[in-house]
Amino acid sequence: MSYLGKETCFTWLGHSTFLIETPSGRRVLVDPWLESNPTCPDEYKKIDDIDLMLITHGHSDHMADAVDVAKRTGCRVVCNYEIGHWLGSKGIEHLTAMNKGGTIESASLQITMTHAFHSSGIVDGDRMIYGGEPAGYVVETENEFRFYIAGDTCVFGDMALIGELHNPLMAILPIGDHYTMGPREAAKAAHLLGVKMVLPCHWGTFDQLHGTPEKLRQALGTLPIEVFDLAPGETLE
Ligand code: NI
Ligand code: MN
């Protein structure tokens, strides 16, 4: 099976950070963790020219560089209401705060916020601030390619509902274990979603994130689902 991404390119910047380039050339940064991300390639640590940023939840391994990138690039930021409030207090202006079940249009994309089971506190100095609830996104490009970004989550039965409602072709799933689902749960997630392709993330950053794409392939067995195995800095295109 080959990649069916219809001119949408995904560059993995390590952990859960992705740079996505859409068919019309818009650049979307997902869960920006760059400077202190041990697996982010040097050439992406000071990324510029971003049109849109998507944030799944408040943990620092998903938004440590959000303020810096948003100020430097002037990109629009899509996130939950509470994170939006916090980013606003830090001087970020181009914010689209939303909540689960809602769909917005930005950078020619249809973006739906979905549920996730995790936590979302924002560390601000020595305080932990309420960051709302963690989320995922279903994104549809202008040429009707739909993909699902799970965010940090365990597997849950309503992934079948996400599949039924949105019918994504590909899912970006965490597979590292410990803080999120591991390969066995991710295989069940892919099955519930009905996707044909999985782009794994949230693995290999630290020793305890021991799930691997190969373990996910083994857990999927004979299911006809393609698992991509990118190295940080590599692009699926
Ligand atoms: Ni997290
Ligand atoms: Mn995380």
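The sections below set out a description of the structure shown in this document. These numbers come from a predicted model, not from an experiment.

### A look at the overall build of the protein chain
In terms of regular secondary structure, the protein chain is built from six helices and 16 strands. The C-alpha atoms of the protein chain give a radius of gyration of 16 Å, which matches the 18 Å a tight globule of 237 residues would have. Projected onto its principal axes, the C-alpha positions of the protein chain cover 50 × 40 × 35 Å. Sorting the 237 residues of the protein chain into buried and exposed places 54% on the buried side. With an accessible surface of roughly 10,000 Å², the protein chain has 49% of that area assigned to carbon and sulfur atoms. Counting 17 positive and 32 negative side-chain charges, the protein chain places the averaged centre of each group 2 Å from the other.

### Structural notes on the coordination of the nickel ion (ligand 1)
Each donor-metal-donor angle in an ideal tetrahedron of four donors is 109.5 degrees, and each such angle in an ideal octahedron of six donors is either 90 or 180 degrees. Looking at the nickel ion (ligand 1), the protein donor atoms are His-57 (NE2), His-59 (ND1), His-118 (NE2) and Asp-152 (OD), and they sit 2.2 to 2.4 Å from it. If you look at the nickel ion (ligand 1), its four donor atoms make angles of 86 to 178° with each other, and the shape they trace is irregular. Site description for the nickel ion (ligand 1): donor spacing in sequence, H-x1-H-x58-H-x33-D. The distance between the nickel ion (ligand 1) and the manganese ion (ligand 2) comes to 3.1 Å, with Asp-152 serving as a donor to both metals. Looking at His-57, the relative accessible area reads 0%, which means it is buried.

### Things to note about the nonpolar core
Residues Phe-10, Leu-54, Tyr-148, Met-170, Leu-173 and Leu-199 are the most contacted members of the largest nonpolar core, which totals 52 residues. The element that contributes the greatest number of residues to this core is helix α5 (residues 183-193), accounting for five residues. The residues touching Leu-54, leaving out its near neighbours within four places in the chain, are Val-28, Leu-29, Val-30, Asp-31, Pro-32, Val-78, Ile-111, Tyr-137, Val-139 and Ile-149. One finds Leu-29, Tyr-44, Ala-66 and Val-69 within the second-largest nonpolar core, a separate group that totals 22 residues.

Conventions used here
- Residues numbered from 1 in each chain as written.
- Chains lettered and ligands numbered in written order.
- Predicted model: local features only at pLDDT ≥ 70, side-chain atom pairs only at ≥ 80, totals over all residues.
- Heavy atoms only, no water.
- Helix = DSSP H or I, 4+ residues; strand = E, 2+ residues; numbered from the N terminus.
- Rg over C-alpha atoms; globule rule 2.2 N^0.38 Å.
- Buried < 20%, exposed > 50% of the residue type's maximum accessible area, 1.4 Å probe, protein only.
- Areas by Shrake-Rupley, 256 points an atom, 1.4 Å probe, with all protein chains shown as cover.
- Lys, Arg positive; Asp, Glu negative; His and termini not counted.
- Charge placed at Lys NZ, Arg CZ, Asp CG, Glu CD.
- Donors = N, O, S within 2.8 Å, 3.2 Å for Na, K, Ca; no water.
- Tetrahedral: all angles 85-135°; square planar, octahedral: opposite > 155°, others 65-115°.
- Core = buried A, V, L, I, M, F, W, Y, C linked by side-chain atoms within 4.5 Å.
- Contact = heavy atoms within 4.5 Å.

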